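Spelled out, the chains give:
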Amino acid sequence: MTATYKLQLTREFDVPAEKLFKVWTTPERFGEWFCPLPWKVTEARSDLRPGGESFVLMEGPNGEKIPNPGVYLEIVPGRKLVFTDAYTAGWVPSEKPFMTGILEFEDLGNGRSRYTATAVHWNEDDMKAHQEMGFEEGWGIVADQMAEVAKTI
């Protein structure tokens, strides 16, 4: 990928890629892994098809609410998810697009996998804001939590 304004995280896990994909596509389990504590997910919906809704509501310890509406752009079962907040359900343009997420799940054999999460931003300011929010640490914690949940599937 040659996108200019991207942030990326790669992790290898002792969990098959198909299980990581399953965790990412089961919104009922998002509350177990999707946010670093003390944040939590209080609502999640997922319509797994191009143009289908992707929605996660995160709540902070002081009552902050961060809705994350979007749509899926590409789905390769067991291998890849691409979503964006540039649109909401029904291809309605969002007020302020922030990023497109690209999640790749690679089977390494012997029950191991490589997980790559890429956040592509429209401009440098959004990318820097995402860095300052703690992209590396936060998305790393979330990836580790996701892998732990995947081990229970």
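Keep in mind the model is a prediction, meaning the values are calculated, not measured.

Asker: Any chance you could explain the overall build of the protein chain here in plain terms?
Answerer: Counting secondary structure elements, the protein chain contains three helices and nine strands. When the helices and strands of the protein chain are placed in sequence order, the string is β-α-β-β-β-β-β-β-β-β-α-α. In terms of overall size, the protein chain behaves like a compact globule, its C-alpha atoms giving a radius of gyration of 15 Å where 153 residues would be expected to give roughly 15 Å. Reported as C-alpha extents along the three principal axes, the dimensions of the protein chain are approximately 45 × 35 × 30 Å. Classification of the 153 residues of the protein chain by burial places 41% in the buried group. Considering only residue pairs separated by 6 or more positions, the protein chain has 50% of its internal contacts joining residues 24 or more positions apart.

Asker: Sorry, what's going on with the side chain of T84 here?
Answerer: For T84, the position within the fold is in strand β5 (residues 80–84). Within the structure, T84 has its side chain in polar contact with the backbone nitrogen of A86 (distance 3.1 Å). There is a polar contact of 3.3 Å between the side chain of T84 and the backbone oxygen of M99. Sequence-distant contacts of T84, that is, excluding residues within four places in its chain, are made with P69, G70, V71, L73, M99, T100 and W122.

Asker: Please clarify how the packing of helix α1 (residues 17–24) against helix α3 (residues 135–150) should be interpreted in this entry.
Answerer: Each pair of packed helices gets described by two things: the angle between the helix axes and the distance between those axes. The N-to-C vectors of α1 and α3 enclose an angle of 105°; their axes lie 9 Å apart at closest approach. Our classification of the angle between α1 and α3 gives roughly perpendicular. Contacts between α1 and α3 involve K19, L20, V23 and W24 on the former and, on the latter, M146, A147, V149 and A150. Looking at the contact of α1 with α3 residue by residue, the class counts come to seven nonpolar, no polar and one charged.

Asker: Would you explain the nonpolar core in this entry?
Answerer: Looking at soluble globular proteins, one finds that nonpolar side chains tend to be buried together. Ranked by internal contacts, the top residues of the largest apolar core, which has 34 residues, are L20, W24, W33, F34, F105 and Y115. Looking at this core, the elements that each hand over two or more residues are β1 (6–13), α1, β3 (53–59), β5, β8 (99–109), β9 (112–121) and α3.

Asker: Would you mind going over the layout of surface pockets with me for this structure?
Answerer: Any space left empty among the atoms is revealed by the rolling of a water-sized probe across them. Quantified by volume, the largest pocket comes out at close to 1,000 Å³. As for the largest pocket, its lining consists of 35 residues, of which F34, M58, N68, H130 and W139 are closest to the centre. Every element with two or more residues in the lining of the largest pocket is listed here: β3, β4 (65–76), β5, β9 and α3. Among the elements that make up the lining of the largest pocket, the one with the highest residue count is β4 (six residues).

Asker: What is the right way to read a nonpolar patch on the surface from this model?
Answerer: On the surface, L73, Y87 and W91 cluster together into a nonpolar patch covering about 280 Å² of accessible area. Tracing the backbone shows Y87 in strand β6 (residues 87–88). With a relative accessible area of 31%, Y87 lands in the partly exposed category.

Asker: Teacher, can you tell me more about the pattern of salt bridges here?
Answerer: Opposite charge on two side chains makes pairing possible when the charged atoms of those side chains draw close. Applying the stated criterion to the full structure yields 14 salt bridges. Here R112 and D14 are joined by a salt bridge, their closest N and O atoms 2.3 Å apart. In this pair, R112 is assigned in strand β9 and D14 in the loop between β1 and α1, connecting sequence segments 98 residues apart. Taking relative accessible area as the criterion, R112 reaches 27% and is therefore assigned partly exposed.

Asker: Before we go on, may I ask you to explain the sheet that holds β4 in this structure?
Answerer: What links the strands of a sheet is backbone hydrogen bonding, and the strands pair in either a parallel or an antiparallel sense. Ordered in space as β1-β9-β8-β5-β4-β3-β2, the seven strands form an open sheet in which the pairing is antiparallel. Lying at the two open borders of the sheet, with one neighbouring strand each, are β1 and β2 (40–46). In this sheet, neighbouring strand axes are inclined to one another by 20° on average, regardless of whether the strands run parallel or antiparallel. Sheet topology places β5 next to β8; five bridges connect them, and they run antiparallel.

About the criteria used
Residues numbered from 1 in each chain as written. Predicted model: local features only at pLDDT ≥ 70, side-chain atom pairs only at ≥ 80, totals over all residues. Heavy atoms only, no water. Helix = DSSP H or I, 4+ residues; strand = E, 2+ residues; numbered from the N terminus. Rg over C-alpha atoms; globule rule 2.2 N^0.38 Å. Buried < 20%, exposed > 50% of the residue type's maximum accessible area, 1.4 Å probe, protein only. Contact = heavy atoms within 4.5 Å. Polar contact = N/O pair within 3.5 Å; in protein donor to acceptor, adjacent residues only side chain to side chain. Axes fitted to C-alpha atoms, helices over the stretch in contact; angles between N-to-C directions. Parallel < 35°, antiparallel > 145°, perpendicular 65-115°, else oblique. Nonpolar A, V, L, I, M, F, W, Y, C, P; charged D, E, K, R; others polar. Core = buried A, V, L, I, M, F, W, Y, C linked by side-chain atoms within 4.5 Å. 1 Å grid on protein atoms, 1.4 Å probe; cavity = no way out; pocket = protein on both sides within 12 Å on 5 of 7 lines; lining within 4 Å. Points joined across faces, edges and corners; volume = space filled by probe spheres on them. Patch = residues over 30% accessible without salt bridge, like charges linked within 9 Å, V, L, I, M, F, W, Y side chains within 5 Å. Areas by Shrake-Rupley, 256 points an atom, 1.4 Å probe, with all protein chains shown as cover. Salt bridge = Lys/Arg side-chain N within 4 Å of Asp/Glu carboxyl O. Pairing = 2+ DSSP bridges.

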